[in-house]
Amino acid sequence: MSSVSPRVQQQLAMLQQIQQQLQTVMGQKAQYEMAVKETNRAVEELKEVADDAPVYVNVGTVMMQKDKEKVLADLGEKAETLDLRIKSLDKQAKALQAKFEQLQAQIKQAVGGGAPQAS
């Protein structure tokens, strides 16, 4: 049984690295998606509050009273920013997935479909 060529070993290492990057990107995307859900839920809850009711937000370790409309606007901006980050991570994930599949196919071809090497 012949050993795996250095080229294939390098490709396998790259494949593992791409897989780790993809997992990291997907983890970040999941965190941002959760933040968007929380932000949207806060907006929905805030919409049910009377316009003249006091609204408080956390600023570090302190809670401050703010205008309801200002808080709604801030939450809207936050959701938009998070959506943009999610779209960016989606593009990264698709690119990494395509790279992963391409490299995987090259490795399979080199290992299974390659011509026998003379020693």
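Scroll up for the structure.
First, a word on what this report is: a plain description of the structure on this page. These numbers were taken from a predicted model, which means no experiment stands behind them. (Residues numbered from 1 in each chain as written. Predicted model: local features only at pLDDT ≥ 70, side-chain atom pairs only at ≥ 80, totals over all residues. Heavy atoms only, no water.)

**Details of the overall build of the chain**
Inference 1: The helix and strand tally for the chain stands at two helices and two strands.
Inference 2: Along its sequence from the N terminus, the chain presents helices and strands in the succession α-β-β-α.
Inference 3: Since a compact globule built from 119 residues should have a radius of gyration of about 14 Å, the 24 Å found for the chain marks it as more spread out than a globular shape.
Inference 4: Taken over the C-alpha atoms alone, the chain extends approximately 85 × 25 × 15 Å along its principal axes. (Helix = DSSP H or I, 4+ residues; strand = E, 2+ residues; numbered from the N terminus. Rg over C-alpha atoms; globule rule 2.2 N^0.38 Å.)

**A word on the pattern of salt bridges**
Inference 1: For the coordinates displayed, the defined rule picks out six salt bridges.
Inference 2: With a closest N to O distance of 2.7 Å, Lys-29 and Asp-90 form a salt bridge. Remark: Asp-90 occurs in helix 2 (residues 68-113) and Lys-29 occurs in helix 1 (residues 6-47); sequence separation between them is 61 residues.
Inference 3: Lys-29 sits in the buried class, given a relative accessible area of 14%.
Inference 4: Asp-51 is the salt-bridge partner of Lys-68, the closest N and O atoms lying 3.0 Å from each other. Highlighted residues: Lys-68 in helix 2 and Asp-51 in the loop between helix 1 and strand 1 (55-59), separated in sequence by 17 residues.
Inference 5: Note on Asp-51: relative accessible area 60%, which makes it exposed.
Inference 6: Among the ionic contacts, a cluster of salt bridges with common partners joins Lys-29, Glu-33 and Asp-90. (Salt bridge = Lys/Arg side-chain N within 4 Å of Asp/Glu carboxyl O. Buried < 20%, exposed > 50% of the residue type's maximum accessible area, 1.4 Å probe, protein only.)

**Concerning the environment of Glu-77**
Inference 1: Topologically, Glu-77 is positioned in helix 2.
Inference 2: The spatial distance from the C-alpha of Glu-77 to the C-alpha of Lys-108 is 46 Å, given a sequence separation of 31 residues.

**Side note on the nonpolar core**
Considering soluble globular proteins, one finds that nonpolar side chains tend to be buried as a cluster.
Inference 1: In this structure, Val-8, Leu-15, Ile-18, Leu-22, Val-25, Leu-89, Ala-93, Leu-96, Phe-100, Leu-103 and Ile-107 together form the largest nonpolar core, which totals 11 residues.
Inference 2: Breaking this core down by element, the ones donating at least two residues are helix 1 and helix 2.
Inference 3: Tallying contributions element by element places helix 2 first for this core, with six residues.
Inference 4: The residues contacting Leu-22, other than those within four sequence positions of it, are Ala-93, Leu-96 and Gln-97. (Core = buried A, V, L, I, M, F, W, Y, C linked by side-chain atoms within 4.5 Å. Contact = heavy atoms within 4.5 Å.)

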